[in-house]
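# Summary of structural features
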Amino acid sequence: PQPLRWYFGVRAKRFNRLLKKFTENCNNCESVTIEFPLEGEFMAVDGFHPGALSYNLWASYISAIIRKRFNAI
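For the structure given in this document, a descriptive report is provided here. Just so it is clear, the structure is predicted and the values come from calculations on it, not from any experiment.

Considering all chains together, one arrives at one disulfide under this definition. The side chain of Cys26 participates in a disulfide bridge whose partner is Cys29; the two sulfur atoms lie 2.5 Å from each other. With the S-S bond torsion at 50°, the cross-link from Cys26 to Cys29 turns out right-handed.

Here it is as structure tokens:
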């Protein structure tokens, strides 16, 4: 509920900016942004958190990045 939704949204954006800034100066780090569809089948039963399909997308995306990094060695 508001205003907690707003507050946590602002905090999350701040943390993401700081993480992105940190990873720009770290050769072994990478900031990854993934947009999940907000459709019902991608959400958990609570309607707020990502569900199994979202985590599958996330895992596929991250594993591709990891494979690319190991192939570059």
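Attention now moves to the environment of Gly40. For Gly40, the location among the structural elements is in the loop between helix 1 (4–24) and helix 2 (52–71). Of the residues examined, Gly40 reaches a relative accessible area of 59% and is grouped as exposed. For the pair formed by Gly40 and Pro50, sequence separation is ten residues and the distance between their alpha carbons is 9.6 Å.

Inspection of the entire model under this criterion finds three aromatic pairs. Between Tyr55 and Trp58, the ring centres sit 5.7 Å apart and the planes meet at 25°, which makes this aromatic pair stacked. In this pair, Tyr55 and Trp58 both sit in helix 2, three residues apart, roughly one turn of the helix. Here Tyr55 falls in the partly exposed class, since its relative accessible area comes to 41%. An aromatic cluster of at least three residues, connected via ring pairs, comprises Phe36, Tyr55 and Trp58.

What counts and how
Once a new chain begins, its residue numbering starts again from 1 and follows that chain's sequence as written. Per-residue local features of the predicted model are confined to residues with pLDDT of at least 70, and side-chain atom pairs are confined, for both listing and counting, to 80 or more; whole-chain, interface and lining totals are unaffected and use all residues. Side-chain calculation: all heavy atoms of the structure are included, whereas hydrogens and water are not. We call a pair of cysteine sulfur atoms a disulfide whenever their separation is within 2.5 Å. Strands are runs of DSSP state E lasting at least two residues, helices are runs of H or I lasting at least four, and both sets are numbered from the N terminus onward. Accessibility here uses a 1.4 Å probe with only protein chains present; expressed as a share of the type maximum, an area under 20% marks a residue as buried, one over 50% as exposed, and anything in between as partly exposed. Under the pairing criterion, centres of Phe, Tyr and Trp rings, with the six-membered ring standing for Trp, must be within 6.5 Å; the plane angle then separates stacked pairs below 30 degrees from edge-to-face pairs above 60, leaving the rest tilted.

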